[in-house]
Amino acid sequence: MHFFDVTNIAIHVMGYPISYIELIGTVFGLISVYYASKANVLTWPTGIINEIALFGLFFQIQLYADMLLQVFFLVVTVFGWYNWQNKTEEVPVSRMPGRMVSIYGITLLAGTILTGIIIQQFHHWMPAYFPLPTTYPYADSFVMVASMLATFLLAKKRIETWILWIVVDVVSVVLYLIKGVYFLSLEYVVFLGLATYGLLQWRKKMMYA
């Protein structure tokens, strides 16, 4: 049995079997978010481990959109790591200009609607890969698009990244509860707490900068 196979179980938690690849992805995801909340550069290398593990996990369970999303996260993570490791000085925590807030808001709305329309057609366009229609397409699309935008803001050390992550985490907790994936929903409760902590910590950094 391959170590990274989803059938290779590491532990059971309350009867729920967790494979090694899911365990690695989850743990390093939590570590990465914790370091991000502290504005610590280690958020990026730990994030890379998380993304590689989830890429393999989503490929094996046929969640190809989530699999491709990890490629995006990986590219942005490398960019963020480079951006934070500025050779001349540390990148400071800052706020978004009002015009940028408007642009991000419009992008989020348009991206959510467009993505929702597209993923509703997957089972028509590619029935061999997507035999069943998507559920909650716009909530799912919102989480995807908002996560992408929040990742860009994190890479730029914009404090609004945490506001967006808090909204994403709240929507994700509710969505995953409705879908019956309780372990994943619980993880996003933890993410919600870390995002709130991150917002408070980054505000302090701005106050004392």
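Residues numbered from 1 in each chain as written. Predicted model: local features only at pLDDT ≥ 70, side-chain atom pairs only at ≥ 80, totals over all residues. Heavy atoms only, no water.

Along the protein, the regular secondary structure elements total 8 helices and 2 strands. Scanning the protein from its N terminus toward the C terminus, one meets helices and strands in the order β-β-α-α-α-α-α-α-α-α. In terms of overall dimensions, the protein is globule-like: its C-alpha atoms have a radius of gyration of 18 Å, near the 17 Å expected for 209 residues. When each of the 209 residues of the protein is scored for burial, the buried share is 40%. Counting contacts in the protein only where the partners sit at least 6 residues apart, residues at least 24 apart contribute 63% of the total. (Helix = DSSP H or I, 4+ residues; strand = E, 2+ residues; numbered from the N terminus. Rg over C-alpha atoms; globule rule 2.2 N^0.38 Å. Buried < 20%, exposed > 50% of the residue type's maximum accessible area, 1.4 Å probe, protein only. Contact = heavy atoms within 4.5 Å.)

Once that is clear, we can look at the pairing of strand 2 (residues 16-19). Looking at chain direction, strand 1 (residues 9-13) and strand 2 are connected through 4 bridges and run antiparallel. When the bridges of strand 2 are listed, histidine 12 appears paired with proline 17. With antiparallel pairing between neighbouring strands as the criterion, strand 1 and strand 2 make up a hairpin whose turn holds 2 residues, including methionine 14 at a positive phi of roughly 55 degrees. (Pairing = 2+ DSSP bridges.)

A word on unusual backbone geometry. Negative phi characterises most residues that are not glycine, and trans characterises most peptide bonds. In this structure, lysine 157 is a non-glycine residue whose phi angle is positive, near 55 degrees. With respect to the helices and strands, lysine 157 occurs in the loop between helix 6 (137-155) and helix 7 (160-179). Take lysine 157: its relative accessible area is 3%, and that puts it in the buried class.

A surface patch of nonpolar side chains, about 540 Å² in accessible area, is lined by Leu114, Ile118, Trp125, Met126 and Tyr129. With respect to the helices and strands, the residue tryptophan 125 is situated in helix 5 (residues 122-125). (Patch = residues over 30% accessible without salt bridge, like charges linked within 9 Å, V, L, I, M, F, W, Y side chains within 5 Å. Areas by Shrake-Rupley, 256 points an atom, 1.4 Å probe, with all protein chains shown as cover. Salt bridge = Lys/Arg side-chain N within 4 Å of Asp/Glu carboxyl O.)

Interaxial distance between helix 4 (residues 98-119) and helix 6 falls to 8 Å at its minimum, and their mutual angle equals 140 degrees. The orientation of helix 4 with respect to helix 6, classified from their angle, is oblique. Between helix 4 and helix 6 lies a crossing whose hand is right-handed. Here Tyr104, Thr107, Leu108, Gly111, Thr112, Ile113, Thr115, Gly116, Ile117 and Ile119 of helix 4 lie close against helix 6, whose contacting residues are Pro137, Tyr138, Asp140, Ser141, Phe142, Met144, Val145, Ala146, Leu149, Phe152 and Leu153. For the contact of helix 4 with helix 6, the residue count by class is 14 nonpolar, 6 polar and 1 charged. (Axes fitted to C-alpha atoms, helices over the stretch in contact; angles between N-to-C directions. Parallel < 35°, antiparallel > 145°, perpendicular 65-115°, else oblique. Left-handed = near helix turned anticlockwise from the far one by under 90°. Nonpolar A, V, L, I, M, F, W, Y, C, P; charged D, E, K, R; others polar.)

For the protein, the average pLDDT comes to 85, and 92% of its residues sit at 70 or higher. Confidence scores differ between elements of the protein, with helix 3 (residues 64-84) showing the lowest mean pLDDT of 80 and helix 4 the highest of 94. (pLDDT = per-residue confidence, 0-100.)

Next up on the list: the packing of helix 1 (residues 20-37) against helix 2 (residues 43-60). Any two packed helices are characterised by the angle at which their axes cross and by the distance between the axes. For the pair helix 1 and helix 2, the least separation of the axes is 8 Å and the interaxial angle reads 150 degrees. The orientation of helix 1 relative to helix 2 falls into the category roughly antiparallel. Between helix 1 and helix 2 the crossing geometry is left-handed. Of the residues in helix 2, those in contact with Ile21, Glu22, Ile24, Gly25, Phe28, Gly29, Ile31, Ser32, Tyr35 and Ala36 of helix 1 are Thr43, Thr46, Gly47, Ile49, Asn50, Ala53, Leu54, Gly56, Leu57 and Gln60.

To continue, consider helix 2. In a regular helix each residue adds 1.5 Å, so 18 residues correspond to 26 Å; helix 2 covers 26 Å between its end C-alpha atoms and thus fits that length. Thr43, Trp44, Thr46, Gly47, Ile48, Asn50, Glu51, Ala53, Leu54, Gly56, Leu57 and Phe58 are the residues of helix 2 that are buried. (Expected span 1.5 Å × (residues − 1).)

Below, the discussion takes up the nonpolar core. Within the largest apolar cluster, 28 residues are counted, with the highest numbers of intra-cluster contacts made by Leu108, Ala146, Leu154, Trp162, Leu164, Trp165 and Trp202. For this core, the elements supplying multiple residues, two or more each, are helix 3, helix 6, helix 7 and helix 8 (182-207). When residues in this core are grouped by element, the largest group, 9 residues, is from helix 6. Contacts of tryptophan 165, omitting those with residues within four sequence positions, involve Ser147, Ala150, Thr151 and Ala195. (Core = buried A, V, L, I, M, F, W, Y, C linked by side-chain atoms within 4.5 Å.)

Turning our attention to helix 7. Here helix 7 spans 29 Å end to end across 20 residues, near enough to the 28 Å set by a 1.5 Å rise per residue. Burial in helix 7 covers these residues: Glu160, Thr161, Trp162, Leu164, Trp165, Val168, Asp169, Ser172, Val173, Leu175 and Tyr176.

Applying the stated criterion across every chain, the model contains 5 aromatic pairs. When the centroid spacing of 5.8 Å and the interplanar angle of 55 degrees are considered together, the rings of tyrosine 34 and tyrosine 35 count as tilted. Under the relative-accessibility criterion, tyrosine 34 is labelled partly exposed at 39%. Note on tyrosine 35: relative accessible area 23%, which makes it partly exposed. Between the aromatic rings of tryptophan 162 and tryptophan 202, the centroid separation amounts to 5.6 Å while the plane-to-plane angle is 90 degrees, which identifies the pairing as edge-to-face. Here tryptophan 162 is found in helix 7, whereas its partner tryptophan 202 is found in helix 8, with 40 residues between them in sequence. Each member of the pair, tryptophan 162 as well as tryptophan 202, is classed as buried. Members of the aromatic cluster, connected to one another through ring pairs, are Phe72, Phe73 and Phe152. (Phe/Tyr/Trp six-rings, centres within 6.5 Å; stacked < 30°, edge-to-face > 60°.)

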